[in-house]
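# Coordinate analysis (summary)
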Amino acid sequence: MSSELPAYQLKFSAKRRSIQLKIQAGQLWVSAPTGCDPQFIQQLILQKKDWIDKHLQQQSQERTDWIAQRRLPLFGDTLALKIVEDSVNQFSLDGDCLWLQLSHRNKAQSQQKWLEKLVTEFYLQQAQLWFEQQVHQDQQRMQLQCRSVRVCNFKAKWGSCDSSGVLSFNWRLVMAPQWVARYVVVHELAHLVHMDHSKAFWTLVERFNSDAAKARLWLKQNQHWMRL
Ligand SMILES: [Zn+2]
């Protein structure tokens, strides 16, 4: 067992008589009676470390079934998802509502597949538009020039930059707030100069994106629900 203390948020309350530990939103939250000795709290956390680790891990694997909940995250906002039966399979965006038309000719058992396909197509389209525009803007600011912008279905990375200067981005980033996606754009553009993650690379990233550290943490803490 490691004796390293996990990160936690501490709140004191005059109403509390005992210490409460809770795992919520991928974090450990501690409520303690006012005046409680911080060392005592840390000891308790260490004692409960196995329980905490188990629950943190469970929660990091929990997925949100966005389609079933009829809502879709888009750049920090939430779209309502409306499904109607029609003669074709297609999607259309109307304000903050995404309409999905499902053909009545679809087989009943393939409806779910169609829903996922249409929502993915919608996200890919949004991602392509947004990343092209954002790269265009940032490469002027950074005085760089990439070859082209692609949107991909990466499993385990947010973006990439190949040696010919093609930038690729994970479409799931459109489920994050824009300030987070903007960091990934600056990160990949900086690879046009430094193909590694050296100190010089990070200096360049931070020069053009002051949210870099915050955005990386955000992605780590929220990646588990950024999928369909
Ligand atoms: Zn990188």
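Residues numbered from 1 in each chain as written. Predicted model: local features only at pLDDT ≥ 70, side-chain atom pairs only at ≥ 80, totals over all residues. Heavy atoms only, no water.

Labelled according to an unreviewed UniProt entry, the chain appears under the name M48 family peptidase, originating from Rheinheimera mesophila.

## Notes on the sheet that holds strand β5 (residues 77–86)
A sheet is described by the order of its strands in space; here four strands give the open sequence β4-β5-β7-β6, paired in mixed fashion. Unpaired on one side and paired on the other, β4 (71–74) and β6 (90–94) mark the two borders of the sheet. Taking each pair of neighbouring strands and ignoring which way they run, the sheet shows an average axis angle of 30°. Most of the contacts of helix α4 (residues 111–142) go to strand β7 (residues 97–103), to which it runs at about 140°, and overall it touches β4, β5, β6 and β7. (Pairing = 2+ DSSP bridges. Helix = DSSP H or I, 4+ residues; strand = E, 2+ residues; numbered from the N terminus. Axes fitted to C-alpha atoms, helices over the stretch in contact; angles between N-to-C directions. Contact = heavy atoms within 4.5 Å.)

## Thoughts on the coordination of the zinc ion
Protein ligation of the zinc ion involves H187 (NE2), H191 (NE2) and H197 (NE2), the donor distances falling in the range 2.0 to 2.1 Å. All donors to the zinc ion come from one chain, and their sequence spacing reads H-x3-H-x5-H. (Donors = N, O, S within 2.8 Å, 3.2 Å for Na, K, Ca; no water.)

## Quick notes on unusual backbone geometry
Here F75, not a glycine, exhibits a phi torsion of approximately 50°, which is positive. Among the structural elements, F75 can be located in the loop between β4 and β5. What makes F75 buried here is its relative accessible area of 14%. Unlike most non-glycine residues, Q143 shows phi in positive territory, near 55°. Mapped onto the fold, Q143 is located in the loop between α4 and β8 (148–152). (Buried < 20%, exposed > 50% of the residue type's maximum accessible area, 1.4 Å probe, protein only.)

## So, the pattern of salt bridges
In this structure the tally under the stated criterion is four salt bridges. Note that E121 and K117 form a salt bridge whose closest N and O atoms lie 3.0 Å from each other. In this pair, E121 and K117 are both assigned in helix α4, four residues apart and thus about one turn of the helix distant. (Salt bridge = Lys/Arg side-chain N within 4 Å of Asp/Glu carboxyl O.)

## Concerning the packing of helix α5 (residues 178–190) against helix α7 (residues 212–222)
Between α5 and α7, the least distance of the axes is 9 Å, while the angle of their chain directions is 110°. On the basis of the axis angle, α5 is roughly perpendicular to α7. Every residue of α7 that contacts α5 at W179, V180, Y183 and V184 is listed here: A212, K214, A215, R216, W218 and L219. Among the residues forming the contact of α5 with α7, the class breakdown is eight nonpolar, no polar and two charged. (Parallel < 35°, antiparallel > 145°, perpendicular 65-115°, else oblique. Nonpolar A, V, L, I, M, F, W, Y, C, P; charged D, E, K, R; others polar.)

## Here we look at the packing of aromatic side chains
One pass over the structure, following the stated rule, counts nine aromatic pairs. Between the aromatic rings of F75 and W130, the centroid separation amounts to 5.1 Å while the plane-to-plane angle is 40°, which identifies the pairing as tilted. On the criterion of sequence distance, the pair formed by F75 in the loop between β4 and β5 and W130 in helix α4 is long-range, its members being 55 residues apart. As far as burial versus exposure is concerned, F75 and W130 are alike and both buried. Between W218 and W225, the aromatic rings sit 5.8 Å apart at their centres with planes inclined by 85°, giving edge-to-face as the arrangement. Taking NZ or CZ as reference, K157 lies 4.9 Å from the ring centre of F154, over its face. The ring of W179 carries K214 above its face, with NZ or CZ at 5.0 Å from the centroid. (Phe/Tyr/Trp six-rings, centres within 6.5 Å; stacked < 30°, edge-to-face > 60°. Lys NZ or Arg CZ within 6 Å of the ring centre and 35° of its normal.)

## Points about the nonpolar core
Generally speaking, a soluble globular protein has its nonpolar side chains buried in company with each other. Formed by 51 residues in total, the largest nonpolar core has its most connected members in L72, Y123, F131, V135, M142, F169 and V205. Take this core: its biggest share by element is ten residues, from α4. In terms of nonpolar packing, the next biggest core, distinct from the first, is built from eleven residues, L21, I23, V30 and I45 among them. (Core = buried A, V, L, I, M, F, W, Y, C linked by side-chain atoms within 4.5 Å.)

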